[in-house]
Amino acid sequence: MHIDPLEKKWAQIVLAICALFVGIIMIDALFHGVNAPSNVETIDSAKLHLSEEFAEDNLGVQVDANGDITVRMVAGRYSFFPKKIAVPAETKLTFRWVSIDVLHGVHIPMTNMSTMIVPGFVAQIETSFPKPGNYPVLCNEYCGLGHDHMWSKIDVVEKDQWIAPQISSTGVKE
Ligand code: CUA
């Protein structure tokens, strides 16, 4: 079979580009913790305010008995709630996201946080912030006319200066 040398060259370039992309995906998955969302937990988006976990008082940062930190946030046109939270740097954090209306995305630069927030599902991602600062939280799925303005911020403080939120005896955050 005869293959034109020029055609052969193009085929090699295409294969090289494919190999490069697969390589980048492998490096991201293995070394940067970037992977496709595999959490298939479902939730009734219309009843979020009534659900135990995502009721207003439970949103934001919580520390369990083992010292593990979970951050629960709600995405809705056009922001992420709660608007203001503080988390420690260089610490493993489990983020749980839900949408109250349509499909949103969340992206936090300098971390592996980039996922879709699909109505009816809980998106969960483990991440950590490399250094203290003010990190932007951006929506990266088109969700309506206000999409460009859908962003919020997370305060990341030095690990040893971070104060865990206090839960009062009535179960309400102070
Ligand atoms: Cu929310 Cu775009």
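Residues numbered from 1 in each chain as written. Predicted model: local features only at pLDDT ≥ 70, side-chain atom pairs only at ≥ 80, totals over all residues. Heavy atoms only, no water.

A. Here's a closer look at the overall build of the protein. A count of helical and extended segments in the protein gives 1 helix and 10 strands. In sequence order, the secondary structure elements of the protein are arranged as α-β-β-β-β-β-β-β-β-β-β. Taken over C-alpha atoms, the radius of gyration comes to 20 Å for the protein, far larger than the 16 Å a tight globule of 174 residues would show. Along the three orthogonal principal directions, the C-alpha set of the protein runs to about 80 × 40 × 30 Å. Of all 174 residues assigned to the protein, the portion counted as buried reaches 34%. (Helix = DSSP H or I, 4+ residues; strand = E, 2+ residues; numbered from the N terminus. Rg over C-alpha atoms; globule rule 2.2 N^0.38 Å. Buried < 20%, exposed > 50% of the residue type's maximum accessible area, 1.4 Å probe, protein only.)

B. Fine view of helix α1 (residues 5-31). With 27 residues, α1 extends 38 Å from end C-alpha to end C-alpha; this agrees with the ideal 39 Å at 1.5 Å per step. Gly-33, located one to two residues past α1, shows a positive phi value of around 65°. (Expected span 1.5 Å × (residues − 1).)

C. Here's a closer look at the nonpolar core. The biggest cluster of nonpolar side chains holds 27 residues, and the ones touching the most others in it are Phe-80, Val-87, Phe-95, Trp-97, Phe-129 and Ile-154. Every element with two or more residues in this core is listed here: β2 (69-76), β4 (84-88), β5 (93-99), β8 (123-127), β9 (133-138) and β10 (151-157). For this core, the leading source of residues is β2, giving 4 residues. Not counting residues within four places of it along the chain, the set of residues in contact with Trp-97 comprises Met-73, Phe-80, Val-106, Met-113, Ile-117, Phe-121, Val-122, Ala-123 and Val-137. Leu-48, Leu-59, Val-74 and Val-122 belong to the second largest nonpolar core, which has 7 residues in total. (Core = buried A, V, L, I, M, F, W, Y, C linked by side-chain atoms within 4.5 Å. Contact = heavy atoms within 4.5 Å.)

D. Representation of the side chain of Thr-91. Topologically, Thr-91 is positioned in the loop between β4 and β5. There is a polar contact of 2.8 Å between the side chain of Thr-91 and the backbone oxygen of Ala-89. Ignoring any residue separated from it by four or fewer positions in sequence, one finds Thr-91 in contact with Ile-69, Thr-127, Ser-128 and Lys-159. (Polar contact = N/O pair within 3.5 Å; in protein donor to acceptor, adjacent residues only side chain to side chain.)

E. Structural context of unusual backbone geometry. Cis rather than trans, the peptide bond between Arg-77 and Tyr-78 has omega equal to 0°. Its location among the elements puts Tyr-78 in the loop between β2 and β3 (79-81). Note that the residue after Phe-81, namely Pro-82, is joined by a cis bond; omega there is 0°. Mapped onto the elements of the fold, Pro-82 is located in the loop between β3 and β4. With phi around 50°, Glu-90 is a residue other than glycine that occupies positive phi space. Locating Glu-90 in the fold gives a position in the loop between β4 and β5.

F. Seen up close, the packing of aromatic side chains. Enumeration according to the criterion identifies 4 aromatic pairs in this entry. When the centroid spacing of 6.3 Å and the interplanar angle of 70° are considered together, the rings of Phe-95 and Phe-129 count as edge-to-face. Here Phe-95, found in strand β5, pairs with Phe-129, found in the loop between β8 and β9; they are 34 residues apart in sequence, far enough to count as distant. Site record: aromatic cluster; members linked through ring pairs are Phe-80, Phe-95, Trp-97, Phe-129 and Tyr-135. (Phe/Tyr/Trp six-rings, centres within 6.5 Å; stacked < 30°, edge-to-face > 60°.)

G. Up close: the environment of Asn-58. Structurally, Asn-58 is set in the loop between α1 and β1 (60-63). Between the alpha carbons of Asn-58 and His-107 there is a distance of 22 Å; along the sequence they are 49 residues apart.

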